[in-house]
Amino acid sequence: LEKARMLAATNGKSAMDFFKLYHDKLLFFNKAQDAFISYRVSGNFAVILEDPVAGDEDTMKQIIVEFDKFCKDNGLKNISYRVPAESLPVYKSLGKKSLYIGQEAVVDITRFTLSGSDKKSMRNALNKVTERGFTARVIEPPLREGLIQKLKAVSDEWLMETEREELVFSQGMFNWKEIKNQCVIVVENAEEKVIAFLNIIPDYAPDEGTYDLIRKTNDAPNGVMDFMLIELFNYFKRQNIHFVNLGFAPLSGIEIPEDITERSMKFAFERIKSFSHYKGLREYKDKFGPEWHDKYLVYEHDFDLLKVPALLSKIIKP
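The structure displayed is predicted, hence computed values, not measured ones. (Residues numbered from 1 in each chain as written. Predicted model: local features only at pLDDT ≥ 70, side-chain atom pairs only at ≥ 80, totals over all residues. Heavy atoms only, no water.)

> Is there a simple way to explain the side chain of Arg82 in this structure?
With respect to the helices, strands and loops of the structure, Arg82 is situated in strand β4 (residues 77–84). Residue Arg82 is classed as buried on the basis of its relative accessible area of 5%. A polar contact is formed between the side chain of Arg82 and the side chain of Glu104, at a distance of 2.9 Å. In this structure Arg82 touches Met16, Glu50, Ile101, Glu104, Ser170, Phe248, Lys295 and Tyr296, once residues within four positions along its chain are discounted. (Helix = DSSP H or I, 4+ residues; strand = E, 2+ residues; numbered from the N terminus. Buried < 20%, exposed > 50% of the residue type's maximum accessible area, 1.4 Å probe, protein only. Polar contact = N/O pair within 3.5 Å; in protein donor to acceptor, adjacent residues only side chain to side chain. Contact = heavy atoms within 4.5 Å.)

Spelled out as structure tokens, the structure:
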């Protein structure tokens, strides 16, 4: 794990690199020990998180070849999840296929502004949060035990009210020991009750910052998430960071479908009720005027795609 941390520090280039070091992963190193792949196993599949951490394209290609052999020797197939578009030529050169799965939102905070008619509703919501006496505060680590207890209460209430469970793989979960050493942004009322928070995590992409958890209580005012994100933008501006990664919007961004698979995904995203939260997620992130970056699933055989939904549902569970 220490070796992987060192390689991520020198060769990392993605917001996902933090989760490649997360406790739910297995690590595969190449023979030269200068690159690694982060993955989880479910059934007879190894599911790789994004690209390998490698110093250059040749090293990346070599470790993919080595991992393919490792999988074959151990009776495993493998797929790669959330691969960026710019990496696809490497996989294609190795005979692999790709499937578009969504987009990642990155905001240029040097250009972001709250002025203009399109931001009127956001301004109104932010003003109402302030008028009701709520304030946002950046708290640097190490966090005090009492504060972590407050954050845990917010997190537990959010999970219960939204009927969600903690997820991992390409995101984190509430972990007392981890969050103790992370910078957080909290929103408090006049009595210092925490009603919302987000935690800032390392982002290995150049000139980019990001967060992981963003949670609130059931009685938090409308606009509190915007309130925290604006505070996050301001925090990163003070650090001279120019971009903020707002995360992934699954299935979104297909304007003109190229095949039956993309047509099906576009239909599900736009028409099927059970996928409506993906559409809402896309629309929420779009308010901040991000640049959208295409992400793909990389696989070897079309038959493997039949297993993907069940695979992903298993590996995202702690």
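From this point on, the discussion continues.
> Which parts of the structure should I look at to understand the pattern of salt bridges?
For side chains of opposite charge, pairing can occur when their charged atoms come near one another. One pass over the structure, following the stated rule, counts 21 salt bridges. Arg40 is paired through a salt bridge with Asp24; the nearest N and O atoms lie 3.8 Å apart. Taken together, the residues Arg40 in strand β2 (residues 36–42) and Asp24 in the loop between α2 (17–20) and β1 (26–29) connect sequence positions 16 residues apart. Considered together, Arg40 and Asp24 belong to a single accessibility category, that of buried residues. Residues Lys180 and Glu145 are paired through a salt bridge, measuring 3.1 Å at the closest nitrogen-oxygen approach. Note that Lys180 is positioned in helix α7 (residues 176–180) and Glu145 in helix α6 (residues 145–161), a separation of 35 residues in sequence. Through salt bridges with shared partners, a single network forms among Asp17, Lys20 and Glu50. (Salt bridge = Lys/Arg side-chain N within 4 Å of Asp/Glu carboxyl O.)

> Got a minute to help me understand a negative patch on the surface in this structure?
Together, Asp34, Asp56, Glu57 and Asp58 make up a region of like negative charge exposed at the surface. Tracing the sequence through the fold places Asp56 in the loop between β3 (45–49) and α3 (57–73). The class of Asp56 is partly exposed, set by a relative accessible area of 43%. (Patch = residues over 30% accessible without salt bridge, like charges linked within 9 Å, V, L, I, M, F, W, Y side chains within 5 Å. Areas by Shrake-Rupley, 256 points an atom, 1.4 Å probe, with all protein chains shown as cover. Lys, Arg positive; Asp, Glu negative; His and termini not counted. Charge placed at Lys NZ, Arg CZ, Asp CG, Glu CD.)

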